[in-house]
Each structure stands twice: as structure tokens, then as C-alpha cells.
Amino acid sequence: MVERNIDVRVLAMARPGALPQPHERQVSAFTKSDVLDRWSEDAAGIRAVERGDNVITMFDIIGEDFWSGGGITAKSVTAQLRAIGDRPVEVQINSPGGDMFEGIAIYNVLREHSQMVTVKVMGMAASAASIIAMAGDTIEIGAASFLMIHNCWVLAIGNRHDMAETAAWLAPFDAAMVDVYAARSGQDATAIAGWMDAETFMSGSQAIERGFADSLLAADKVTTDATAKAQDRAVNDIRAMELTLLASGHSRTEARARINKIKGKPDAALTPDVTPGADADLADGMTRLLATLKS
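Residues numbered from 1 in each chain as written. Predicted model: local features only at pLDDT ≥ 70, side-chain atom pairs only at ≥ 80, totals over all residues. Heavy atoms only, no water.

Asker: I'd love a proper account of the packing of aromatic side chains, names of residues and values included.
Answerer: All chains considered together, the criterion is met by six aromatic pairs. Ring centres of Phe101 and Phe173 lie 5.1 Å apart, and the angle between their planes is 70 degrees; this geometry places the pair in the edge-to-face category. Here Phe101 is found in helix 3 (residues 100–111), whereas its partner Phe173 is found in helix 5 (residues 160–185), with 72 residues between them in sequence. With 6.3 Å between their ring centres and 85 degrees between their planes, Phe146 and Phe201 make a pair best called edge-to-face. Here Phe146, found in strand 8 (residues 146–149), pairs with Phe201, found in strand 9 (residues 200–203); they are 55 residues apart in sequence, far enough to count as distant. Among the residues examined, Phe146 registers a relative accessible area of 18% and is labelled buried. Clustering of aromatic rings is evident, with ring pairs tying together Phe101, Trp169 and Phe173. For the cation-ring pair, Arg38 lies above Phe146, with the distance from its terminal atom to the ring centre recorded as 4.6 Å. Above the face of the Phe201 ring, Arg38 is positioned so that its terminal group lies 4.0 Å from the ring centre. (Phe/Tyr/Trp six-rings, centres within 6.5 Å; stacked < 30°, edge-to-face > 60°. Helix = DSSP H or I, 4+ residues; strand = E, 2+ residues; numbered from the N terminus. Buried < 20%, exposed > 50% of the residue type's maximum accessible area, 1.4 Å probe, protein only. Lys NZ or Arg CZ within 6 Å of the ring centre and 35° of its normal.)

This is how it looks when you write it as C-alpha cells:
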């Protein structure tokens, strides 16, 4: 059963465009497993060729990640902005998204930065990461990159009254995201709501044409790191498996215990110092098991 004691508040002192955040919540917002699969296929391992001392990289899932020990959080972004100081900042994104509410918090943190924020989408900015991208005063996107928008997606259990309550609770967040996309793109809010309903992927040229980005990122600014690609895919398959188990009714604790048992490494995160070959083998095995669970 879904239980909530939530007060939705708007950060009134933030720069224009701040999004509402739940003050307290027992519902988590996720990226769907098929989005994780597409990121693994099309964008895993894509990184920037250059990185300066005023750059924040977001080459991970949004929110704390149990499986890698990493993840992009508002707390980590705030710390990086503090270290950069009162200077323009560049945000490099290649992320399948993650926790939508953490993405909203990161968006608000970036909008409060006093200097110019340049966002560069390398590979993909999906789900929560697409919200973060909208914080850029200037947004560049690779020709082969994607920006994906959809409604806030959660897993919840309960009866029809609980489901109706959850739908009503989510509606203001979807509406707020429509407003942000509309303000950035100049597109009609009804059209944007339709794209969100359809879970729309936009190529680099489409994103620019529709006003979600300003210009194409030069091809020589991005590269594919083979080791990072293998690691990205391996941990992504585990994330997708966890979502599948959650959707089947398992608690998060149960899902993680089952996956750790299959991995043979109880309580062990998939750390980035494992070999690429081991990552690839694990990814293949997890993919086969995930396909079995979905069938």
C-alpha cells in the first residue's frame, strides 16, 4: 500500500524556472528499464575529449546508485559548484536518467548558479537527465546524441484508491516539467505533454529544431572509451534487472539480495576497477537472465 505524508514546495528564491520538489516522499521515481537498455546500446562509454577545471561531468545514473557506489546527486553537484566558484560552468551529460526528483533538485541547484551554465549532451540525456539539461543557458548536443522526455515514472503498489492518489500526486510534477520544457523550447505545452506521454527520443537535430537545444556539438569533442562502455553496460543490466524485480512485487531489499546471490558477491557493488572482460561477461549473463525474467 502506498503511504505518503508529502508537502510539495517551490523554491521561490531560485532563478526563474525552478521546479517543485517533494519535501518528504516515500515514492521513488525511476528511469524505465527499456531506457536503460537503449542507453547501453547507443550511448554507453561516450565521454568528452577534453575536461577543464570548471566542468561537471554527469556520466552516470541520476541519484545515488547502490550498484556502482556512484550516481549524480544534488549534494555532489553543489559541492562541485562550490569548488568552481563564481565562474561559468560547463556540464557534460551522458546519462539514462534515474531518480526524477533528484534530477529536479540538481536542475534547481544549477539554475541558482550565478554565472553562465553551458550544457553539452554527449550520448544521451534521458528522463531526469533531460530535466537537468534544461538548466543550461546554452545547450549543445551531439548529432548522434539523444534527448528523451517522459512523464514522471514510479513503481507503486496498492488498490485503485492508492493508484488514483498516486496519479493525482504525480500530476503537478508532470505539469511543472511541461512548463520548463515549454519555456526552454517555445513549443506549445499541449504538444510537449503529448511527447512526454509518448516517451519521445529526439535526435540532436530534432532537439535543436524543436528548441530543446541551441547547437550541435562538434564530433571531435566526444569519444568512446571502451573500458567505460563495458562498465556502463554491465552495471546498467543490473539496474534494469532490479527494476524488473521491483515491478514483479519484490521489495528493493529482496531484489538486491537476489541479484547479489546471482552475482556471487553478497553486498558487493560493481566497482569501476574490475576488468573490461569481466564486465562484458557479467553484462552478457545479466542480459540473458533479464530476458528470462521479462518473458
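Alright, that's what it looks like, and here's the rest.
Asker: Can you tell me about the nonpolar core, naming the residues and giving the values?
Answerer: In this structure, Met58 and Phe212 are the most contacted members of the largest nonpolar core, which totals 53 residues. Here this core gets nine residues from one element, more than from any other, and that element is helix 5. Counting residues in hydrophobic clusters, the runner-up holds 13 residues, among them Leu36, Val235, Leu246 and Ile259. (Core = buried A, V, L, I, M, F, W, Y, C linked by side-chain atoms within 4.5 Å.)

Asker: I'd like a description of unusual backbone geometry, backed by residues and values.
Answerer: You will see that Ser127, though not glycine, has its phi angle at about 55 degrees, which is positive. Position of Ser127 among the secondary structure elements: in the loop between strand 6 (117–126) and helix 4 (128–133). Positioned with a positive phi, Glu199 is a non-glycine residue whose angle comes to about 55 degrees.

Asker: Could you give an account of helix 2 (residues 74–84), with specific residues and numbers?
Answerer: Of the residues making up helix 2, those classed as buried are Ala74, Val77, Leu81 and Ile84. Seen end-on, helix 2 carries its buried residues on one side only, within an arc spanning 85 degrees. Those residues of helix 2 that are exposed and angled more than 90 degrees off the buried face are Lys75, Arg82 and Ala83. Residues of helix 2 that are buried in the fold lie against strand 4 (55–58), strand 5 (89–95) and helix 3. Note on helix 2: the residue one or two positions beyond its end, Gly85, has a positive phi of about 80 degrees. (Arc of directions from axis to C-beta. Contact = heavy atoms within 4.5 Å.)

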